[in-house]
Every structure is written in C-alpha cells, then in structure tokens.
Amino acid sequence: MATFLYRLGRLAFRRRHFVALIWVALLTLAGVGAASAPVAGSSSFSIPGTEAQKAFDLLEQRFPGMSADGATARVVFKAPGGEKVTAKDNKAVVEKTVKELRDGSEVASVADPFAAHAVSKDGTVAYAQVKYKVSGMQLKDASKDALKEAAQGARDGGLTVEIGGDALSAVPETGASEVIGIAVAAVVLVITFGSLVAAGLPLLTALIGVGIGVSTITALANALDLGSTTSTLAMMIGLAVGIDYALFIVSRYRAELAEGREREEAAGRAVGTAGSAVVFAGLTVVIALVGLAVVNIPMLTKMGVAAAGTVAIAVLIALTMIPALLGYAGRKVKPAGEKSRLLGGRRAAGKGRPNMGTRWASFVVRRPLAVLLLGVVGLGAAAVPASQLQLGLPDDGSQPTSTTQRRAYDLLSEGFGPGFNGPLMVVVDAKASDDPEAAVTTVTSDIKRMKDVVTVTPATYNKSGDTAMITVIPGSKPSSTTTEDLVHGIRDAGAGIKADTDAKLLVTGSTAMNIDVSQKLNDALVPYLALVVGLAFLLLIVVFRSILVPLKAALGFLLSVTAALGAVVAVFQWGWLSGLMGVEETGPIMSMMPIFMVGVVFGLAMDYEVFLVTRMREAYVHGETPGQAIVTGFRHGARVVTAAAVIMIAVFSGFIGSSESMIKMIGFGLAIAVFFDAFVVRMALVPAVLALLGRRAWWLPKWLDRVLPNVDVEGEGLRAPAGADHRDPDADQDRQLVGV
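The model shown is predicted, which means the values in this text are computed figures rather than measured ones. (Residues numbered from 1 in each chain as written. Predicted model: local features only at pLDDT ≥ 70, side-chain atom pairs only at ≥ 80, totals over all residues. Heavy atoms only, no water.)

Visitor: Could you give me a rundown of the overall build of the protein, with the residues and numbers involved?
Guide: Looking only at helices and strands, one finds 23 helices and eleven strands in the protein. Out of the 740 residues in the protein, the part that is buried amounts to 56%. Accessible surface, the protein: about 30,700 Å² in total, of which carbon and sulfur atoms supply 59%. (Helix = DSSP H or I, 4+ residues; strand = E, 2+ residues; numbered from the N terminus. Buried < 20%, exposed > 50% of the residue type's maximum accessible area, 1.4 Å probe, protein only. Areas by Shrake-Rupley, 256 points an atom, 1.4 Å probe, with all protein chains shown as cover.)

Visitor: So what's going on with the sheet that holds strand E4 (residues 160–165)? Residues and values would help.
Guide: Spatially, E2-E3-E1-E4 is the arrangement adopted by the four strands of the open sheet, whose pairing is antiparallel. The strands lining the two open edges of the sheet, one partner per strand, are strand E2 (107–111) and E4. Within the sheet, the average angular offset between the axes of one strand and its neighbour, ignoring direction, is 20°. Bridge count between strand E1 (residues 72–78) and E4: six bridges; the pairing is antiparallel. Looking across to E4, one finds that Phe-77 is bridged to Val-161. Of the strands in this sheet, E1, strand E3 (125–132) and E4 are in contact with helix H5 (residues 141–156), which crosses E4 at around 150°. (Pairing = 2+ DSSP bridges. Axes fitted to C-alpha atoms, helices over the stretch in contact; angles between N-to-C directions. Contact = heavy atoms within 4.5 Å.)

Visitor: Residue-level account of the nonpolar core, with values.
Guide: Of all hydrophobic cores here, the largest spans 166 residues; its most connected members are Tyr-245, Ile-249, Tyr-253, Leu-300, Met-597, Phe-652 and Phe-668. The leading source of residues in this core is helix H19 (residues 593–621), at 19 residues. Once residues lying within four places of it in the same chain are set aside, the contact partners of Ile-249 are Ala-270, Val-271, Ala-274, Gly-275, Val-278, Ala-318, Leu-319 and Ile-322. Listed in part, the 27 residues of the second largest apolar core include Phe-114, Ala-126, Ala-128 and Val-161. (Core = buried A, V, L, I, M, F, W, Y, C linked by side-chain atoms within 4.5 Å.)

Visitor: Account for the pattern of salt bridges, naming residues and giving values.
Guide: In the structure shown here, the tally under the stated rule is 18 salt bridges. Note that Glu-162 and Arg-407 form a salt bridge whose closest N and O atoms lie 3.0 Å from each other. Here Glu-162, found in strand E4, pairs with Arg-407, found in helix H13 (residues 404–416); they are 245 residues apart in sequence, far enough to count as distant. Note on Arg-407: relative accessible area 33%, which makes it partly exposed. Here Asp-705 ties to Arg-545 by a salt bridge, and the two come within 2.9 Å at their closest N and O atoms. (Salt bridge = Lys/Arg side-chain N within 4 Å of Asp/Glu carboxyl O.)

Visitor: Please set out a negative patch on the surface residue by residue, giving values where relevant.
Guide: Judged by side-chain charge, Glu-100, Asp-103, Asp-141, Asp-145 and Glu-149 come together as a negatively charged surface patch. Assignment of secondary structure puts Asp-145 in helix H5. (Patch = residues over 30% accessible without salt bridge, like charges linked within 9 Å, V, L, I, M, F, W, Y side chains within 5 Å. Lys, Arg positive; Asp, Glu negative; His and termini not counted. Charge placed at Lys NZ, Arg CZ, Asp CG, Glu CD.)

Visitor: How would you summarise the packing of aromatic side chains if you had to cite specific residues and measurements?
Guide: Per the counting criterion, the structure on display carries nine aromatic pairs. Measuring from centroid to centroid gives 4.8 Å for Phe-416 and Phe-420, while their planes differ by 35°, and the two rings are tilted. Judged by relative accessible area, Phe-416 falls into the buried class, the value being 15%. Every member of this aromatic cluster is reached through a ring pair, and the members are Tyr-127, Phe-416 and Phe-420. One cation-aromatic arrangement involves Arg-16 over Tyr-328; the distance from NZ or CZ to the ring centre is 5.9 Å. (Phe/Tyr/Trp six-rings, centres within 6.5 Å; stacked < 30°, edge-to-face > 60°. Lys NZ or Arg CZ within 6 Å of the ring centre and 35° of its normal.)

Visitor: Residue-level account of the packing of helix H2 (residues 16–36) against helix H10 (residues 298–329), with values.
Guide: The interhelical angle for the contact between H2 and H10, taken along N-to-C directions, is 140°, at an axis separation of 9 Å. Taken together, H2 and H10 sit at an angle that is classed as oblique. Handedness of the crossing formed by H2 with H10: left-handed. Where H2 abuts H10, its residues Arg-16, His-17, Val-19, Ala-20 and Trp-23 lie against Ile-313, Leu-316, Ile-317, Thr-320, Met-321, Ala-324, Gly-327 and Tyr-328. (Parallel < 35°, antiparallel > 145°, perpendicular 65-115°, else oblique. Left-handed = near helix turned anticlockwise from the far one by under 90°.)

Visitor: Mind laying out helix H16 (residues 510–544), listing which residues take part and the relevant values?
Guide: Given a rise of 1.5 Å per residue, 35 residues ought to cover 51 Å, and the 48 Å separating the end C-alpha atoms of H16 matches this to within 8%. Largest kink in H16: about 40°, centred on Leu-525, with the proline Pro-527 one to four residues after it. Where H16 ends, the next residue or the one after it, Arg-545, has phi of about 50°, a positive value. (Expected span 1.5 Å × (residues − 1). Bend = angle between axes of the 7 residues up to and from the residue.)

Visitor: Requested: an account of the environment of Tyr-245, with residues and values cited.
Guide: Within the secondary structure, Tyr-245 sits in helix H8 (residues 228–258). Its relative accessible area of 0% is what places Tyr-245 among the buried residues. Taking the C-alpha atoms as reference, Tyr-245 lies 6.9 Å from Val-315; in sequence the two are 70 residues apart. Ignoring anything within four residues of it in the chain, the contact list for Tyr-245 reads Val-278, Ala-281, Gly-282, Val-285, Val-311, Ala-314, Val-315, Ala-318 and Asp-607.

Visitor: Tell me what's going on with the packing of H16 against H19, and back it up with residues and numbers.
Guide: Where H16 meets H19, the closest approach of the two axes is 10 Å, and the angle between their N-to-C directions is 15°. With respect to their mutual orientation, H16 and H19 come out roughly parallel. The two elements H16 and H19 meet at a crossing, and its hand is right-handed. Together, Leu-521, Ala-524, Leu-525, Tyr-528, Leu-529, Val-532, Val-533, Ala-536, Leu-540, Val-543 and Phe-544 of H16 and Pro-594, Ile-595, Val-598, Gly-599, Phe-602, Met-606, Glu-609, Val-610, Val-613, Thr-614 and Arg-617 of H19 make up the contact between the two elements. Residue composition of the contact of H16 with H19, grouped by class: 18 nonpolar, two polar and two charged. (Nonpolar A, V, L, I, M, F, W, Y, C, P; charged D, E, K, R; others polar.)

Visitor: Talk me through unusual backbone geometry; I want residue IDs and the actual numbers.
Guide: Even without glycine at this site, Asp-452 takes up a positive phi of about 75°. Along the chain, the position of Asp-452 falls in the loop between helix H14 (436–448) and strand E7 (453–456).

Visitor: I'd love a proper account of a nonpolar patch on the surface, names of residues and values included.
Guide: A cluster of nonpolar side chains, Phe-18, Ile-22, Leu-26 and Leu-29, forms an exposed patch at the surface whose accessible area comes to about 400 Å². Along the chain, Leu-26 falls in helix H2. For Leu-26, a relative accessible area of 37% gives the class partly exposed.

Visitor: Account for the side chain of Thr-511, with residues named and values stated.
Guide: Positionally, Thr-511 belongs in helix H16. Residue class for Thr-511 comes out buried when judged on its relative accessible area of 4%. Polar contacts involving the side chain of Thr-511 include one to the main-chain carbonyl oxygen of Gly-422, which spans 3.3 Å. (Polar contact = N/O pair within 3.5 Å; in protein donor to acceptor, adjacent residues only side chain to side chain.)

Visitor: Which residues make up the pairing of strand E10 (residues 504–508), and what values do they have?
Guide: Across the five residues that make up E10, a large majority, four, are buried. Note that strand E6 (residues 424–429) and E10 share five bridges and pair antiparallel. Bridging from a neighbouring strand, Met-425 pairs with Thr-508 of E10.

Visitor: Residues and numbers for helix H4 (residues 88–101), please.
Guide: Under the 1.5 Å per step criterion, the end-to-end length of H4 is 20 Å for 14 residues, consistent within 8% with the ideal 20 Å. Where H4 is concerned, the buried positions are Asn-90, Val-93, Val-94, Thr-97, Val-98 and Leu-101. Taken around the axis of H4, the buried residues stretch over an arc of 135°, which confines them to a single face. Set apart from the buried face of H4 by more than 90 degrees, the exposed residues are Lys-88, Asp-89, Lys-96 and Lys-99. On its buried side, H4 packs onto E1, E2, E3 and H5. (Arc of directions from axis to C-beta.)

As structure tokens, this is what we get:
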C-alpha cells in the first residue's frame, strides 16, 4: 500500500492542475445539485419490528386518510388571572381561533376543546388538538404561519396562548459557535506549523470535503428521505476528520523536507507513510458509522452512511488534493522546525532541547506503572456517573423555557396533569373477534383499573367496526419510569385479552414509540459493539501485525467512552455545569447516545492510535528498541496528535451552542470523549502499556504472520538505498533520555 500511495502522492504533486480541477468540479457539481434539489422535509421516523410501529401501520390500513404519523399541534389557552376560559368572552375567542385553525389544505382535523371536553377542572386552561396530513418538517411555512397567526389573534383577545407538538419543528440552529470552532482550529494549525500557508491547507481541504459531502446529502435528501440532522452530523464529523487527516500528511511532508528530500519526493513519501495511516484510520471510522445499520433504525442507518461517505471524501482529498496544493505552495511550506518570517523567522531544525513529546515519552518510559495507574483511576472516577445512566428520548419538556413548545407543555401539566403531554394510543384489532364492541369494552374497563391511569377516552371505530382507537392519559410525565411501566402493563394485559376475546391490543403514540426506540437501542448495543470492535480489531492486527497492540487499543477505547458517558450524565442528567453548557432542563440521556458514541468515538479514537503507534512501529521495524521506538513515535507524532485532538475538540464543542438538545448533547459527548481518549488514553496509557510490554507488544504468531497480507504501513518499501544515508539528528539524544 505504501508504494501505491507514494506513487499517487507524486502523481498528484506533478498533475496538481488536473487534481485541483477535478475536486473543484465535484464541489461545483454537488453545489448545483444541492441548489436545484427540492426542499426536503424531515426523515420519516419508522422503527421496524416494534409494537408502536406495527400499530401505526395498522392504523394506516384500517383508518385510511387519518394520517396517523402526521404532525400535531396543541394550542393551549389560559384565561387571565381570576377568570375562566369558559366565560362568554373567552369562550368566543377560543371558538374563533378554532375556526381559523380549520382553514388550510394541510389540516386534517381540529378538535374543539369544549366539544372534546378538553377543559381543565378549574376551567382556567383548555387546548385544541390540530392534526395535519404531513409531518412537522414537511409542513409548509404557510401552514405554520397560519397556526402562529391564529394563536396571536387569541393573545390579542386577552388569553395566554402557547403551541406544543411537532408542528413547529424547525431545523436546529447552531449559531456562531461553529465558526468559533473553526477559528480555534485555524489558530492551532498556525501554532503547530508556524506557517499561515501550511495551516491553511488542512482548513481549505476540509471545507471542500465537507462542502461536497453536505451538498451531496442536500441534493439527495428528498429522494433518499434524509433529515436535517443527517447533514449536521456529516458536517460535524467531516470537518473534524478532514482537518485531522490533512494535518497528518502536511506534518509528515514537512518532516520529510527537514530530512533533505526534494518536494515531490517528500510529498510522495508523506502520502505513502502518513497516508497509509490515514487510510486505515478512515476505514475504522467508516466501519463504525456504517455499522449503525445493525440497530435497524432507518434514520440512524442513513445518518451513519451519510457521515461515512463524508469521511471517505475526507480521506480521498487528503491523499490527492493535499499533495497537489503542496505543489502549488512550493517553498511557502517550510520544513519541520522552521517558521515563516511572518511568524518568527527561521530556526534550524533538530537543534536545541528535545521537544515536549520527547520529554513526556521519556518520562512515561521511566515510570510506566505510575502513569498507567493514575490514568486508569482518573478515567474510572469520571466514569462513575455512567452507573446512574437513565435513557429516554427528548420531548417538549426538555425544550428551553423560552420556547412556546415548553410553555405549552407546562400549561398542560398545570391544567390537566403531566400525563396529558404524552397520551397513549391503544389500538384494538378486533377483526378476528366474534363481538368487536365487547372486546373493546373489555379493554377499556381493564385499562381504567390500572395504576397511574387518569383518563380513558371513549373508543373511536373505523368504518367496518373491527378496529378501535382508545386514548389513555397517564398520571405521570412522558419520560418517567412510571409511564413506561404503564405501557408495559397494558401490553402485558393484551395477552389475556387475546385469549378471552381473540382481539389484539397494540400501544402506540409518541410516548410508546420513544419507549420502543430506547429498548431497541439498548438491545442492539452489545451486538453493535461486538461487530464494530471486532472488525476494527482485525483491521488493526493487519496494520500493526500484533495481537496485544489492537487489544490494548480496544480496552483503552472502552475506558474513554465510559468516562465520556459519565461526563454526559453529570452535565445533562445531574445538571453539573449545566449553566455553562446552556442546558436549561436536565433529564434522561437521549437513548441513541450510548450506541452513537460507541460508533463515532471508536472510529475517531483509532485515528490517533493508528497515527501515533504506526510511527512507533515504523521505528521499531527499522531497528530501534521498544523504548527508543516509543520516544521516536512521540517526537514525531505527539505535537501533531495534540493539535489534531484540540482541533477536533474545538469543532465538536462548536455544536454545543445548538438550539437542538440532541445536537448539543452529541457535540459535548464527542468533545469530552476525544479529550479523554487523546490526552489520557493515547498520550499516557498507550506508551505506558507499550513500555511495560516491551518486545512482547509486537508479538504475532508465525502462522498468522504468514497468513496476513503485508500492507506496509511503515513504508519499508520506500526505503531506497540512496535514502539510507539520511540520519536522524535526535536519535542519539533519544537513546540517552530513555536510557537504552
């Protein structure tokens, strides 16, 4: 592989005009496709195999045209202090508003609160349920504006009016924090390279890669049913890995220049060596993202595949466009150790005291056990909150208090109880029953006797009379364990009802769907972890030609991801530092967070593992002792890995400012996970374990060595005799530092 990539790098350097033209053309094509594509709505949310989804599908068959999965809006009215909403003037305002809400081509139905008995016992609060024919993100702006105008008219009439439900769903906003993350990345790159031109190359290529990836997703969003969160995730991961991969290759290019090689040769060797690490690091990220398909949630699968495509583009750009741009930059990209005149002038490379990476690695090699114990204990302490992890999916109760959705949620809780924010829809399929009405009556009476049931509405039958819908109002809020127990209790009662009446009982609705999603994600976590870690383990065996190094990498990842989950629980569930993070409402952690973090963080963690440890293996294969190889790997790689981690943390942290709680939580979780993995696991635990293992770290059974393909990540095939005269000026100094 190293030889092929070496040739590719030299070709891209020589044919830079052609390479640049191809990528600019692809960016233009993707941009035109995105601009001309029809506006996409939200991704349809279906969970194959769950009871809630089966109930939705049954409703579509038996109640055609009811739009069971269409958007809903709850327009909540509250009378002024001391008055009742049933008073003549207030009632007139409500009835006028209901009449206005019925206008519109996308409105399926509007329930009058006075006819539907949707008025609180004290008469101060009422709500009108609006049902639409399409989902919230597919709802036209005209329909949303009409909804807001109707509510404003009621406000002008003297009532307090708020709107809940998903009809006002909007694309999440991230604000200026993304730009701040990119700005931090730019500063780190300038400090790392000491050159504005060298620092600009990774930023430029990453932005081009993300531009192509996100534009392609936008162009295909309508055809492939991709939601807005898909492009946000692709942007988040694409920016981070795009900058990192380009950083690795530019850094190696400068190191090759410092050894006296010509620029074209240096570009070829940079792509042949660091490029090999980039390919395998990218493969681990792609495996982790595509592996999300194991969960069998279409939305999550699409998010993973789209993000994986953006990562693949980042790898290809790093391997081809970076050497092409290095050809354009010429002497403006300085050898390692030299700065541009603008940033401090020239200084000779390789002179002066050892760099910080060398000094740190030397310390770890001398005190490996102490460093290992301290790192493990620290991560273990951070992971403690993860033992109290509570999973759920966000509802309007987790929205900021400044939103109308949250205020509507609070008004409903005040007037009717918290359970009104998450009604359960019970579907009775009595087609096989001899007496459908008797079966529905039995179901209704059984549910009324259950604990935590406040209200059971009369059944609504389809035209043929063989299927009925019953709405059950719990006494607890949608995200509570009590409501979850009620859902399971109703479903358990279904077995006895079927035996007695031959009628099937299904529970659905947003609350039941959230419960089913959480359960499905929990059940998929272990198989997903086994698949992703197993495939990556095999890949790393090929890369490192070792059993213990990949095993150590996997165990280190489990430490870092568990510690990161602990931090997420502390902030978003317990409320620690919630003000600093802009978390207005604590509660259960998003159900997909553990499996999502396992996938994404594993892939990203292997970036640093591959880049740092391949440098060590390269030194070991070329004759250095294990201790020397650790120090050599850190001397060349620590600065780059540190910069890459800081950049990735900055990019992910930029999404903490999002208005969407899911994006905020993902941004924080990934940022803290990269911090733990890069600075504790890869920079401390990895060298400590390798120092303790010594030569055993690189042991591989002979039979396996013969079977495995030789991918030559170390670039052994590039070591021409003429290049053997290039001596490492710091090698002797490193040997003295580690005492070997």
